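Remarks on the overall topology
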Amino acid sequence: PVSIFWFRRDLRLHDNAGLYHALRSGLPVLPLFIFDTTILGKLPDRDDARVTFIYRSLLELNSELENHGSSLVIKHGKPLDVWELLTEDFNIKSVFTNNDYEPYATQRDAEVSLLLAKKNISFSSFKDHVIFEKSEIVKEDGQPYSVYSAYQRKWYEKIRSFHLKSYPTEKYYNKFSHIRPVIQPSLEEIGFTENKLTFPDKEYLGVLKNYSKTRDIPSIPGTSEIGVHLRFGTLSIRDLARNGITQEDRTWLNELIWRDFYAMILWHFPHTAQSSFKKNYDEIRWRNNEEEFRAWCQGKTGYPLVDAGMRQLNSTGWMHNRLRMITASFLTKHLLIDWRWGEAYFARLLLDYDMASNVGGWQWAASSGNDAVPYFRIFNPILQTKKFDPALVYIKKWVPEFAGSLNYPRPIVDHAFARQRAIAEFKRALTPK
Ligand code: FAD
């Protein structure tokens, strides 16, 4: 008999909550990963960089496991089908995993858990991806917070060193089931090709000290760029938060709390993945001009700062936070294009794409979210340039043909006109009928 640990967005042995509990289950632990064809089937690009990232992380995991006499079992298919087969191939007593809060994942886990229950196999899932989850931080009346500052205050009230302690998985590595190395499928066998992007490394300590001074300057590496490692769990949130909390300046830790906050929001309000948090914002008549959308995607709006942000995303899979705010505001306000179009474009390309934070960020920019920017506050790309890239260093890096605004293609839309148009439409949509 064995226990199985099912890896998903927690691709590490170190400080892994569910894995820790599996290793202490008393049975040998078989490590498993499933390339879920339901998720992979929706990816438009065969060379999707996230799939390459996952694949490489799995190979690293596997070689670590081989050092402990074990090996990673990698399957490819629909999770329910895979589990059906696994229960035939192995004498499974219990399955361990970590919580995933996205709507698809919660439904999948409910179905898998039901299937296993019918076969008398227990299914246990643990908090690992965030510091506080679900309803751990709620208002006095038990309702979820919708305002970040109040949530943050409660987060600080509740936090104890216990929440930030690492799970000492390394004490139990001898509990992995001893199997001969499993032959791993190639990327091609699961229908993908390798993406040659260079992925951000796991080093982040260097930026913490001066983060509040450097975080808003897109031309310098002033933020950690570890989002992708949080997304796939190649770093532990507890390690990060512990390093964040010991800083005199808590600005960086507060960003990790935003991440907890958005995960909590998506968990309580799963419909916000598709529709506005504030219902009346679904009344907005988006213009949805496809040509303008294409220009935005390609970084050809005629606003060099907006274009620089989009080109950074297109060529690296990462965009600086200030630019995410500016480009998202530009799409939804200047072009009056549905935030869902922009959300989907970011989802396609961001290495650190995370449904909760991406939807949260987009609904913030479109003003339709809880605790969002008021709709009449519309970023002016020219003023933003003066403030955050006054020497045009960032712009020139990503838009090399920019040699002064006179030579650059004309803006796709005039700022003052677009601003008025957006305010008028938002006002119309939000006026009670
Ligand atoms: P750092 O500034 O070093 O912060 C460290 C970590 O804290 C980040 O890696 C991230 O996990 C978390 N974090 C930082 N800022 C935020 C925030 N505002 N909300 C939630 N978590 C945060 N973040 C994502 O992780 N995935 C997304 O898909 C995503 N989409 C976004 C879309 C829009 C329109 C906007 C405005 C923001 C989005 N963000 C998203 C939030 C933020 O822009 C990124 O987390 C950040 O830029 C990642 O860079 P970094 O790793 O250097 O972050």
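Residues numbered from 1 in each chain as written. Predicted model: local features only at pLDDT ≥ 70, side-chain atom pairs only at ≥ 80, totals over all residues.

**Some points on the overall build of the chain**
Helices and strands together make up the secondary structure of the chain, namely 20 helices and five strands. The principal-axis extents of the C-alpha atoms in the chain amount to approximately 70 × 50 × 45 Å. If you take every contact in the chain between residues at least 6 apart in sequence, the share linking residues at least 24 apart comes to 78%. (Helix = DSSP H or I, 4+ residues; strand = E, 2+ residues; numbered from the N terminus. Contact = placed C-beta atoms within 7 Å.)

**Section: the domain arrangement of the chain**
Considered domain by domain, the chain is made up of domain 1 (1-127), domain 2 (130-165 + 205-268) and domain 3 (273-428). Here the C-alpha centroids of domain 1 and domain 2 sit 26 Å apart. Each partner contributes to the interface: domain 1 provides 13 residues, whereas domain 2 provides 13 residues. Considered class by class, the residues forming the side of domain 1 that touches domain 2 number four nonpolar, three polar and six charged. (Domains from an automatic or database assignment. Nonpolar A, V, L, I, M, F, W, Y, C, P; charged D, E, K, R; others polar.)

**Re the sheet that holds strand S3 (residues 73-77)**
Strand pairing in a sheet relies on backbone hydrogen bonds, with the paired strands running either antiparallel or parallel. Taken in spatial order, the five strands make up an open sheet running S3-S2-S1-S4-S5, and their pairing is parallel. Of all strands in the sheet, those with a lone pairing partner are S3 and strand S5 (122-126), marking the two edges. Across this sheet, the average inter-strand angle for adjacent strands is 25°, counted without regard to direction. Pairing analysis gives five bridges linking strand S2 (residues 29-36) to S3, with the strands arranged parallel. Looking at the pairing, Leu32 lines up with Val73 of S3. (Pairing = 2+ DSSP bridges. Axes fitted to C-alpha atoms, helices over the stretch in contact; angles between N-to-C directions.)

**Considerations on the site of the ligand**
By nearness alone, 26 residues border the ligand, and Thr223, Ser224, Gly227, Asn358 and Gly361 come closest of all. Split into classes, the residues belonging to the shell around the ligand amount to twelve nonpolar, seven polar and seven charged. Viewed by domain, the shell around the ligand spans two of them, domain 2 (130-165 + 205-268) and domain 3 (273-428), each represented by three or more residues. (Near = placed C-beta within 6 Å.)

**Section: the pairing of S2**
In terms of burial, S2 is largely enclosed, as seven of its eight residues are buried. In this sheet, S2 lies alongside strand S1 (residues 2-7) in parallel orientation, the contact comprising five bridges. If you follow Ile4 over to S2, its bridge partner there is Leu30. (Buried ≥ 20, exposed ≤ 12 C-beta atoms within 10 Å, placed from the backbone.)

**A few points about the packing of helix H6 (residues 148-158) against helix H12 (residues 251-268)**
Close contact between H6 and H12 brings their axes to 10 Å; oriented N to C, the two are set at 105°. Accordingly, the angle class assigned to the pair H6 and H12 is roughly perpendicular. For the pair formed by H6 and H12, the contact residues are Tyr148, Tyr151, Gln152 and Trp155 on the first element and Asn254, Ile257, Trp258, Asp260 and Phe261 on the second. Here the residues of the contact of H6 with H12 sort into six nonpolar, two polar and one charged. (Parallel < 35°, antiparallel > 145°, perpendicular 65-115°, else oblique.)

**Quick look at helix H3 (residues 49-67)**
The α-helix advances 3.6 residues per turn, and as a result positions three or four apart in sequence lie on the same side. Taking 1.5 Å per residue, 19 residues should reach 27 Å; H3 reaches 27 Å between its end C-alpha atoms and fits that length. Among the residues of H3, those classed as buried are Arg50, Val51, Phe53, Ile54, Tyr55, Ser57, Leu61, Asn62 and Leu65. Elements that come into contact with the buried residues of H3 comprise S2 and helix H10 (227-231). Gly69, located one to two residues past H3, shows a positive phi value of around 80°. (Expected span 1.5 Å × (residues − 1).)

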